[in-house]
Amino acid sequence: ENEQALKPPLSKQDEEWKLENNMKNQKGQSIVEITLITPLLLVALYVPVDFGIALWTASLAQNAVRDVARKAANKDGADFDATALQAEVVAETPAYVRSSANATVIRRTSIPANCMQWVEASVTYNYTYAWYRMARLFGLSVDPNISVTRTSRMRYEYQPDSNGGSAATPCTAA
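Every residue gets a number counted from 1 within its own chain, in the order that chain's sequence is written. This being a predicted model, a pLDDT of at least 70 is required before a residue's local features are given, and a value of 80 or more before pairs of side-chain atoms are given or counted; all residues contribute to the totals for chains, interfaces and linings. Side-chain measures were taken over the full set of non-hydrogen atoms in the model, leaving aside hydrogen atoms and water.

Chemist: Sorry, what's going on with the sheet that holds strand β1 (residues 102-108) here?
Modeler: Strands belonging to one sheet form pairs held by backbone hydrogen bonds; the direction of such a pair is parallel or antiparallel. A sheet is described by the order of its strands in space; here three strands give the open sequence β1-β2-β3, paired in antiparallel fashion. Each end of this open sheet is capped by a strand with a single partner; those strands are β1 and β3 (145-155). The sheet shows a mean angle of 15 degrees between the axes of neighbouring strands, taken without regard to direction. Two strands make a pair as long as DSSP finds a minimum of two bridges between them. A run of DSSP states H or I qualifies as a helix once it reaches four residues; a run of E qualifies as a strand once it reaches two. Both are numbered from the N-terminal end. For strand β2 (residues 118-128) and β3, the ladder comprises 11 bridges, and the chain directions are antiparallel. Bridge pairing in β3 places W118 opposite R155. Contacts are residue-level and defined by heavy atoms, with any inter-residue pair within 4.5 Å sufficient. A fitted line through C-alpha atoms represents every axis, and for helices the fit uses only the stretch in contact; the resulting angles, taken between N-to-C directions, go from 0 to 180 degrees. Helix α3 (residues 82-92) rests against β1 and β2 of the sheet, and its axis sits at about 140 degrees to β1.

Put into structure tokens, the structure is as follows:
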């Protein structure tokens, strides 16, 4: 307390200088804090977006497979062209995974004629997580690719008729 009493009071000009200098120091501290926090904040926002895009891509691929399976299930046996249907599945997958897409469309007819025959469409593609590619910049060794497979199976509508009718009669049995 004695030392405080011995010091002369600060002039108004000295007080303004001290306040201004203190504010400059705080601005520098804020810039450092923002510089340190920004990369963490961007990662925290980008990772869920990357996974969301992956799920959205899988959903679009599932819709493509379901649409083609539905079309194939309603085709007559003579009109069933697996190659054309596979090309249609690949064409309907999202553009950025289309180059790695591999589709199959099959019609199971080896089952006895009891209306249990089915059509199955499937697509497999590689999705590349952008975040994992960026992680390699920091020396992390992670495989950025994930193999995604989507499949849809539908009952084949045109079954052999056990009553002696045409081979392309819509299935009516339970």
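From this point, the narrative continues.
Chemist: Honestly, the environment of V142 in this entry has me stumped. Any pointers?
Modeler: Structurally, V142 is set in the loop between α5 (130-135) and β3. Along the backbone, V142 and Y132 are 10 residues apart, and their C-alpha atoms lie at a distance of 6.3 Å. When near neighbours in sequence (up to four residues on either side) are disregarded, V142 contacts Y132, A135 and R136.

Chemist: Before we go on, may I ask you to explain the packing of aromatic side chains in this structure?
Modeler: A ring pair, where both rings are aromatic, is described by two values, the distance of the centres and the angle of the planes. To pair, rings of Phe, Tyr and Trp, with the six-membered ring standing in for Trp, must have centres within 6.5 Å; the planes then decide the type, stacked if under 30 degrees apart, edge-to-face if over 60, and tilted in the middle. Applying the stated rule across the entire model yields two aromatic pairs. When the centroid spacing of 4.9 Å and the interplanar angle of 50 degrees are considered together, the rings of F51 and Y129 count as tilted. Here F51 is found in helix α2 (residues 12-73), whereas its partner Y129 is found in the loop between β2 and α5, with 78 residues between them in sequence. Grouped by ring-pair contacts, the aromatic residues F51, Y127 and Y129 constitute a single cluster. Counting as a charge over the ring demands two things of the Lys NZ or Arg CZ atom: a distance within 6 Å of the ring centre and an angle within 35 degrees of the ring normal. Looking at R107, its charged tip hangs above the ring of F80, at a distance of 5.4 Å from the centre.

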